[in-house]
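Survey of secondary and tertiary structure
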Amino acid sequence: MATDILTMAYDDILAIVTSLGFPSFRAKQLYHWLNKGASFDEMNNLPKTFKEALAENGYFVDLPKIEKKLVSQIDGTVKLLYSLSDGQYIESVVMKYEHGNTICVSCQAGCRMGCKFCASTLRGLSRNLTPSEIIGQIFMAQRSIGERISNIVMMGIGEPLDNYDNVIKFLHAVNREEGLNIGYRHISLSTCGVVDGIKKLEKEMLPITLSISLHNIDTEGRKSIMPITNKWSVEELLSACAEYFKATGRRISFEYTLIADENDSIPQAEELARGLKRFLPGMPIHVNLIPLNDVSERSYKKSTAKNIEAFKNRLNGLGINATVRRRLGPDINASCGQLRLNAQEQ
Ligand code: SAH
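This part is about the overall build of the chain. Within the chain, the regular secondary structure consists of 11 helices and 14 strands. In summary, the chain has a C-alpha radius of gyration of 21 Å against a globular reference of 20 Å for 346 residues, a match within 12%. In terms of its C-alpha atoms, the chain occupies a principal-axis envelope of roughly 70 × 45 × 35 Å. Nonlocal contacts in the chain, meaning residues at least 24 apart in sequence, comprise 66% of its contacts between residues at least 6 apart. Per element, the accessible surface of the chain, about 15,200 Å² overall, is 50% carbon and sulfur. For the chain, the separation between the mean place of its 41 positive charges and that of its 39 negative charges on side chains is 3 Å.

Right under this line is the structure:
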């Protein structure tokens, strides 16, 4: 059986190395290299016989390959297109903030959530990414930019809670001191509202930041842009959020993409403020307003600057902390799953 060992825990590596008849210090060396995101070729203090034994028994390291790198001349944002060993394409984006470099990673090749305004879901889901393919984006990006990445947002292609087990393995792996050593508090996970996943995540007790893509607080209105709402109503989603906050003490943030004539009216802002306060009493609420990025295959239009400002002010006036997300890398179309779509078509 072929097994990718890149993100394995030390005890599992030790068991493999021992089973192949090698001494335990080789396990330590191998584990050290794996946590640096090295390929077998780069593990230069390991004997060839050892690497061959691993390979012959189906153990491998499979890092995504960078196919394209776009750098914004405006703000230094870097957008990377990677190919995977089976020909799939994925993307990530590195954003340069004062508090350090933040990477937005993909967790699936495609997506099956079907949000109507989103480019990642246009061709459905091809497959889940392995933990190595998720963490591999960070190793490769760090090498490419020559700088450390200190923050992660799971807001790239895919729905993290639809690839639950691999995402949890990835989170444990990035947190390792021997490896990327990125603290859970520096990681945000964004979901379109997979309620059973939120309930499972709560039990993991990881101090990451959970972010909910809400986009409409009215169940019927939300159904028309986010099909996941047919499975779980907004009431069920926000109840799960309240429960999550109670159990973990971790504040949840909300994303709200503003779409003209769909979810950007003042009464909708008022309903949003009222609903969030009602469902999440005692939780400091932050709403991240995102101006819609145009996706040529979709007919939705972004809200006007005037409406965005009015929506934000109304929320603030009702005691909800709301900010408008600055658009990074506008010259390289840094958001969306567009690079992947173009690469796939070629
Ligand atoms: N599946 C996860 C994470 C990926 S998307 C989720 O749904 O949260 C990251 C964010 O970008 C989500 O809030 C998503 O709704 C939003 N988004 C998707 N397409 C967009 C577009 N065209 N314009 C603006 N935001 C978009």
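By domain assignment, the chain separates into domain 1 (3–60) and domain 2 (65–345). Around 940 Å² of area is buried between domain 1 and domain 2 when both sides are counted, 45% of it from carbon and sulfur atoms. Here domain 1 and domain 2 share 1 salt bridge between them. Residue E42 pairs with R143 through a salt bridge whose shortest N-O separation is 3.2 Å. Across the contact surface, domain 1 and domain 2 share 7 residue pairs in polar contact (both at pLDDT 80 or more). In terms of residue class, the side of domain 1 that touches domain 2 is made up of 6 nonpolar, 3 polar and 3 charged.

Our focus in this paragraph is the site of the ligand. Looking at the ligand, there are 17 residues lining it, with F117, S190, S213, H215 and N293 nearest. In this structure, F117 approaches the ligand through a main-chain N or O atom, which is 3.0 Å from a nitrogen atom. In this structure, T257 approaches the ligand through a side-chain N or O atom, which is 3.2 Å from a nitrogen atom. Relative to its free-state accessible area of 540 Å², the ligand is covered by the protein chains to the extent of 90%. Its residues assigned to classes, the shell around the ligand shows 7 nonpolar, 8 polar and 2 charged.

Attention shifts here to the nonpolar core. Among the nonpolar cores identified, the biggest contains 101 residues, and L171 and F254 are the most heavily contacted of them. For L171, the residues in contact, after removing those within four places along its chain, are M154, Y184, I187, L189, L206 and I208. Ranked by size, the runner-up nonpolar core spans 5 residues in total, among them V93, M95, V153 and L328.

Tallying each qualifying case throughout the model produces 3 aromatic pairs. A centroid spacing of 4.8 Å and a plane angle of 70 degrees characterise the contact between F22 and F50, whose relative ring orientation is edge-to-face. Separated by 28 residues along the polypeptide, F22 in the loop between helix 1 (10–19) and helix 2 (24–34) and F50 in helix 3 (residues 48–56) bring together distant segments of the chain. The ring of Y164 has K200 sitting right over it, with the charged end atom 4.2 Å from the ring centre.

In this section: the packing of helix 4 (residues 131–145) against helix 5 (residues 164–174). Where helix 4 contacts helix 5, the two axes come as close as 8 Å, and the packing angle between them is 40 degrees. Our classification of the angle between helix 4 and helix 5 gives oblique. Classified by chirality, the crossing of helix 5 by helix 4 is right-handed. Listed contacts from helix 5 to P131, I134, I135 and I138 of helix 4 are N166, V167, K169, F170, A173 and V174. Here the contact of helix 4 with helix 5 is composed, by residue class, of 8 nonpolar, 1 polar and 1 charged.

Rules used in this analysis
- Every chain's residues receive numbers from 1 upward, in the order its sequence appears when written.
- Whole-chain, interface and lining totals are the exception, using all residues; otherwise, since this is a predicted model, local features are given only for residues with pLDDT of at least 70 and side-chain atom pairs are given and counted only at 80 or more.
- Where side-chain values are given, they derive from all heavy atoms of the structure, hydrogens and water being excluded.
- Working definition: helices are DSSP H or I runs of at least four residues, strands are E runs of at least two. Numbering for both runs from the N terminus.
- What the globule rule says is 2.2 Å times the number of residues to the power 0.38, and the radius of gyration is computed from C-alpha atoms.
- By definition in these notes, contact holds between two residues if any of their heavy atoms fall within 4.5 Å.
- To be clear on the numbers: accessible area is Shrake-Rupley with a 1.4 Å probe, and residue cover counts the displayed protein chains and nothing else.
- Asp and Glu are treated as the negative residues and Lys and Arg as the positive ones, with His and the ends of the chain left uncounted.
- Just so you know, the charge point we use is NZ for Lys, CZ for Arg, CG for Asp and CD for Glu.
- Domain start and end points were adopted from an automatic or database domain assignment.
- Here the quantity called buried area is the accessible surface, traced with a 1.4 Å probe, that two parts lose on coming together, added over both.
- We define a salt bridge as a contact between a side-chain nitrogen of Lys or Arg and a carboxyl oxygen of Asp or Glu at a distance within 4 Å.
- Polar contact is defined as a pair of N or O atoms within 3.5 Å, subject to the rule that within protein one atom must be able to donate a hydrogen and the other to accept it, and that residues adjacent in sequence are counted only when both atoms are side-chain atoms.
- Under this grouping Gly is polar, as are all residues other than the nonpolar Ala, Val, Leu, Ile, Met, Phe, Trp, Tyr, Cys and Pro and the charged Asp, Glu, Lys and Arg.
- Throughout this document, a residue counts as near a molecule or strand when at least one of its heavy atoms sits within 4 Å of that molecule or strand.
- Each nonpolar core is a collection of buried residues, namely Ala, Val, Leu, Ile, Met, Phe, Trp, Tyr and Cys, held together in the definition by side-chain atoms within 4.5 Å.
- Think of it in three bands: residues with accessible area under 20% of the maximum for their type are buried, residues over 50% are exposed, and the middle band is partly exposed, with areas taken using a 1.4 Å probe on protein chains only.
- Aromatic pairs are defined between Phe, Tyr and Trp rings, using the six-membered ring for Trp, whenever the two ring centres lie within 6.5 Å; interplanar angles under 30 degrees are classed as stacked, those over 60 as edge-to-face, and all others as tilted.
- Should the NZ of a Lys or the CZ of an Arg lie within 6 Å of a ring centre and within 35 degrees of the ring normal, that charge is described as sitting over the ring.
- For helices, the fitted line uses only the C-alpha atoms of the stretch in contact; every axis is such a line through C-alpha atoms, and the angle between N-to-C directions lies from 0 to 180 degrees.
- In what follows, roughly perpendicular refers to angles from 65 to 115 degrees, roughly parallel to angles under 35, roughly antiparallel to angles over 145, and oblique to any angle outside these ranges.
- Helix crossings fall into two classes, left-handed where the near helix is turned counterclockwise from the far one by less than a right angle and right-handed where it is turned clockwise.

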